[in-house]
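A structural walkthrough
The lines below spell out each chain.
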Amino acid sequence: MPTCAAIGPAEIRQLLPHRYPMLLVDDVIDIVPGERLVARKAVSVNEPWYARTDETAPAADFAYPKTLLLESWCQAAGVLATIKRPNPDVTAGKVMLFGAITDVEFHNDVFPGEVVEHHVAIFRAVSDTVIVTGASNVAGRAVLTVSRVVMAFRDAAMVRPSEMKEEADE
């Protein structure tokens, strides 16, 4: 597969259903569809999770939340998994579900002003299930390692709450 040079915010929004404030991938700087990608997330002090940080808070209080760092990496994985079959409307078509995450390690904190670079590779793909692996760094400094994430694609109708299914059937 040929390498794509870049994917910007408009294209990412066509691949993922996430929107502000939870769209946590800014761009993709390298991608080989079906194999691997490198995506970036610029951390800013203007993000909503810093709104309640006290004016006198020490620098350590500005560490980017680890759950959001992992979410950002998973969104980059979602871009790789959906590049060949985009479907940002999670109410129809296929829904991307994260089923399992194993051996996640957080190595260093990330702070506002830093750019996180996510590296994601497809470990295995079978039918509607994709297993990915990878890591994240800031200026060459390791911040996150992910051994495996399992993503499954299912029909939207299968994952609707039962009351929504009944309404859709009427």
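Here is a short report on the structure shown in this document. Residue numbers run consecutively from 1 along every chain, following the written order of its sequence. Two thresholds apply to this predicted model, a pLDDT of at least 70 for residue-level local features and 80 or more for giving and counting side-chain atom pairs, whereas whole-chain, interface and lining totals are computed over all residues. For side-chain calculations, the full set of non-hydrogen atoms in the structure is used, while hydrogens and water are omitted.

**Quick look at the sheet that holds strand β1 (residues 27-32)**
Think of it this way: DSSP has to see at least two bridges between two strands before they count as a pair. Strands here are runs of E lasting at least two residues and helices are runs of H or I lasting at least four, both read from the DSSP assignment and numbered beginning at the N terminus. Ordered by their spatial adjacency, 6 strands build an open sheet running β1-β2-β4-β5-β6-β3, and the pairing between neighbours is antiparallel. Bordering the open sheet on either side are β1 and β3 (94-106), each of which pairs with just one other strand. Sheet twist, expressed as the mean angle between neighbouring strand axes with direction ignored, is 20°. Bridging between strand β4 (residues 115-126) and strand β5 (residues 129-138) involves 10 bridges; their strand directions are antiparallel. Following the sheet pairing, V120 is matched in β5 by G134. Helix α2 (residues 66-82) contacts β1, β2 (36-42), β3, β4, β5 and β6 (141-155) of the sheet and is inclined by roughly 55° relative to β6. What counts as an axis is a line fitted to C-alpha atoms, over the stretch in contact for a helix, and the angles between N-to-C directions run from 0 to 180 degrees. Note on definitions: a residue-residue contact is assigned when non-hydrogen atoms from the two residues lie within 4.5 Å.

**Overview of α2**
Multiplying 1.5 Å by the helix residue count minus one yields the expected span of that helix. Over its 17 residues, α2 extends 24 Å from the first C-alpha to the last, a length consistent with the 24 Å expected when each residue adds 1.5 Å. Relative accessibility thresholds used throughout: buried, under 20% of the residue-type maximum; exposed, over 50%; partly exposed, between the two (1.4 Å probe, protein chains only). Buried residues dominate α2, accounting for 14 of its 17 residues.

**Observations regarding the environment of F123**
Secondary-structure assignment places F123 in strand β4. With a relative accessible area of 47%, F123 lands in the partly exposed category. Along the sequence, F123 and V28 sit 95 residues apart, while their C-alpha atoms lie 19 Å from each other. When near neighbours in sequence (up to four residues on either side) are disregarded, F123 contacts I131, V132, T133 and R148.

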